[in-house]
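The residues making up each chain are set out below.
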Amino acid sequence: MKNQFHGGASATGFFQPPSRPRAGWPIALLLGIHSLGAGAALTTVVGTGNQWTSHGGALDGTHYSELAQINRTSIGTPLDSKLVLERTFKTGVNGSHMGAPLVVGSTLYVVTPFPNKLIAYDLSSGATLWTFSPSVNRYAFGVNCCDTVNRGPAYQNGLVVYTTLDDTVVAVDVATHKQKWRTSLADPKTGVTTNGAVLIVPNKAAAGKYRVIVGSSSGEMAVRGWVKSLDLATGAVQWTAYTTGPDSDVKVGSAFYNSFYQKGKNQGVDQGVTSWEGAGNKWQQGGSSVWGFINYDAATDLLFYGTSQPGTWNADQRPGANKWGASVFARNASTGLAQWIYQTTPHDYWDYDAASGESVPLTLTTPITNASGSHAQVLVHFNKNGFAYTFDRLSGEVLAATKFGPKPEAVNWADHIDLATGLPVFLDAKGQVVPDSPKATHQGVPTTDICPSAMGLKGWEPMAFSPRTNLFYVPTFNLCQTYEGLKAEYIAGAPFMGQNITMTLGPGGLFSGELVAWDITSNTRKWAYPEPAAIYSGVLATQGDVIFYGTLDNKFKALDAITGDLLFETALTDANGYECGTVGTPITFMGPDKQQRVAVFSGVGWLAGGFTASGKPCPGKTGSESGGATNGGGRVHVFKLNP
């Protein structure tokens, strides 16, 4: 589920802080233990260079650039900023512009929300070079959950590849501006749609060839999720792996599977079926889609991604652990076989899906040592459930799982994660271990004060990592919820939800979100920057030690990566002065004049608009494809240093 709620929840006016941060707001909460200065890298992360060709920059999804012309000194100060708006590119489409643009050479590529146009802009002149308008089945518009976004294309071998909402992947030749191939993966009338980011990875069996990796959306539609590999040259499907079902469907093979928590422990086969208890084949309606971002480790040829909540949201209707919903997967890119699977929230009561949190592979120069050995190849995952996990990325062993909220009570569904079993541990009011969460939800019974909310402590918004500071920069929410399960009736191709949610501010203070700097050497918060409005955008980190992100009160900001001090802030406006926030992820690149640029979308549609202070989408023109539900935005804003 994509950071939204349904079935009676009220979004309007929710994010209304008492006031904007005043002068002297405690920008940097120096809570960290270790204080590593810039340059003391403990990882081997390599960032992007002059171009930006994938959603996360590099294939590992760090959202880190090695460009440094725009740095913590050259950018100036909030009162004397040297970073200025160079130009805006208008897409002509309203609604939430998620994901990130691409830059290849001197061309910037944008994929819009539905109807999923691909537009190429000349970065030298600002002119629109060409537009590709795919044929998209409009039926998908009506069955897609949660706004009609596209989370991003990818570029390789002269092709821009992306999903359209109607379960189709298209490849466009940038030389001819024409479609090279299109592959239909499902029928939207079944309820399946596709709006996740694609990832293009090397084909290890054939030098110079590549695979396109794509996942399904629609965890709310009583369908089961999948991920597929397509040949970049032809669009032919190479393999398909489902989230739920028998091992043959999930592509779990005993000869390859290497899960730390299952290896040699006879925990059974076909858990994607047997963990769905009760009558009927509930796993076939089990949601658990792969709508978010997929990352890749070239050294191990492993893909990493999370799956959404199991369906329905009324947990009483699906007894059992419901594997492999709300789980993190490590899957071989060449064969599709699962190397390990870890369920972050068994029998998810609260919509704490794992699709929201990107899983980022890091190779440590100083391994983590524990009873099972030495671990240099790790995977870091910040989950909606409020725990920051560090895995051994070869086995799925949890090396650390730490609450990353502003206060311990910001995560109250579980006390901690048992590293030996990998399972959450629950305590009652007397501090005694109990078999189930005290915050378990049930049909017809409102359970109050659950933290975090269904928005997650961290939502879908991509985080960034800098090897210079050894910090993850994580956009977070400060919200709790009351949750009541409602009976959901299954109708093929229709929403299968079943919950009523209301949300309130969390215990951290009077702010809706924070940008948290997380120290991977100590698993502590280094600093945090509280925001009155939600951070619904991704984050960019650069070698210039600058962090960029946007907020739903229409601001685009830059912070000092080391101290958390505010360096830059501006309103995202169009030519008429209309402001609009961002739900996109900033990128950086080298312009044709060899000067560094930073770019970010503006555009907030009906869903994200419900979380703004006004409770509305952006002001501006109407005429949206959704019949007036989305307004304004629809631009790429490009910034540069003022010469």
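Analysis parameters
- Residues numbered from 1 in each chain as written.
- Predicted model: local features only at pLDDT ≥ 70, side-chain atom pairs only at ≥ 80, totals over all residues.
- Heavy atoms only, no water.
- Pairing = 2+ DSSP bridges.
- Helix = DSSP H or I, 4+ residues; strand = E, 2+ residues; numbered from the N terminus.
- Axes fitted to C-alpha atoms, helices over the stretch in contact; angles between N-to-C directions.
- Disulfide = S-S within 2.5 Å.
- Buried < 20%, exposed > 50% of the residue type's maximum accessible area, 1.4 Å probe, protein only.
- Phe/Tyr/Trp six-rings, centres within 6.5 Å; stacked < 30°, edge-to-face > 60°.
- Polar contact = N/O pair within 3.5 Å; in protein donor to acceptor, adjacent residues only side chain to side chain.

**Comments concerning the sheet that holds strand 11 (residues 168–173)**
Right, on to step 1. Read from one edge of the open sheet, 4 strands run 9-10-11-12, paired in antiparallel fashion. Edge strands, defined here as strands with exactly one partner in the open sheet, are strand 9 (154–156) and strand 12 (178–184). The sheet shows a mean angle of 25 degrees between the axes of neighbouring strands, taken without regard to direction.

**A few points about the state of the cysteines**
Right, on to step 1. Applying the stated criterion to the full structure yields 1 disulfide.
Right, on to step 2. Covalent S-S linkage joins Cys451 and Cys480, the inter-sulfur distance amounting to 2.0 Å. What sets the handedness of the Cys451 and Cys480 disulfide is the S-S torsion sign, and at about 105 degrees it is right-handed. Here Cys451 is found in the loop between strand 28 (447–450) and strand 29 (464–466), whereas its partner Cys480 is found in strand 31 (residues 479–485), with 29 residues between them in sequence. The same class applies to Cys451 as to Cys480, namely buried.

**Concerning the sheet that holds strand 27 (residues 433–434)**
Right, on to step 1. Read from one edge of the open sheet, 3 strands run 25-26-27, paired in antiparallel fashion. At either margin of the open sheet sits one strand with a lone partner, and together these are strand 25 (416–417) and strand 27.
Right, on to step 2. Direction of pairing for strand 25 relative to strand 26 (residues 424–427): antiparallel, over a ladder of 2 bridges. If you follow Ile417 over to strand 26, its bridge partner there is Pro424.

**A closer look at the packing of aromatic side chains**
Right, on to step 1. The final tally for this structure, using the stated rule, is 31 aromatic pairs.
Right, on to step 2. On the basis of an interplanar angle of 65 degrees and a centroid distance of 5.3 Å, the ring pair of Tyr342 and Phe391 is categorised as edge-to-face. Here Tyr342 is found in strand 20 (residues 338–343), whereas its partner Phe391 is found in strand 23 (residues 387–392), with 49 residues between them in sequence.
Right, on to step 3. Classification of Phe391 as buried rests on a relative accessible area of 0%.
Right, on to step 4. With a centroid separation of 4.7 Å and an interplanar angle of 45 degrees, the aromatic rings of Phe465 and Phe472 are classed as tilted. For the residue pair Phe465 and Phe472, the accessibility class agrees, reading buried in each case.
Right, on to step 5. Through a chain of ring-to-ring contacts, the aromatic side chains of Phe260, Tyr261, Trp340, Tyr342, Tyr349, Trp350, Tyr352, Phe387, Tyr389, Phe391, Trp413 and Phe426 assemble into a single cluster.

**Overview of the side chain of Ser218**
Right, on to step 1. With respect to the element layout, Ser218 can be found in the loop between strand 14 (210–215) and strand 15 (226–231).
Right, on to step 2. Accessibility expressed as a relative area gives 2% for Ser218, which makes it buried.
Right, on to step 3. Side-chain polar atoms of Ser218 contact the side chain of Thr193, separated by 2.9 Å.

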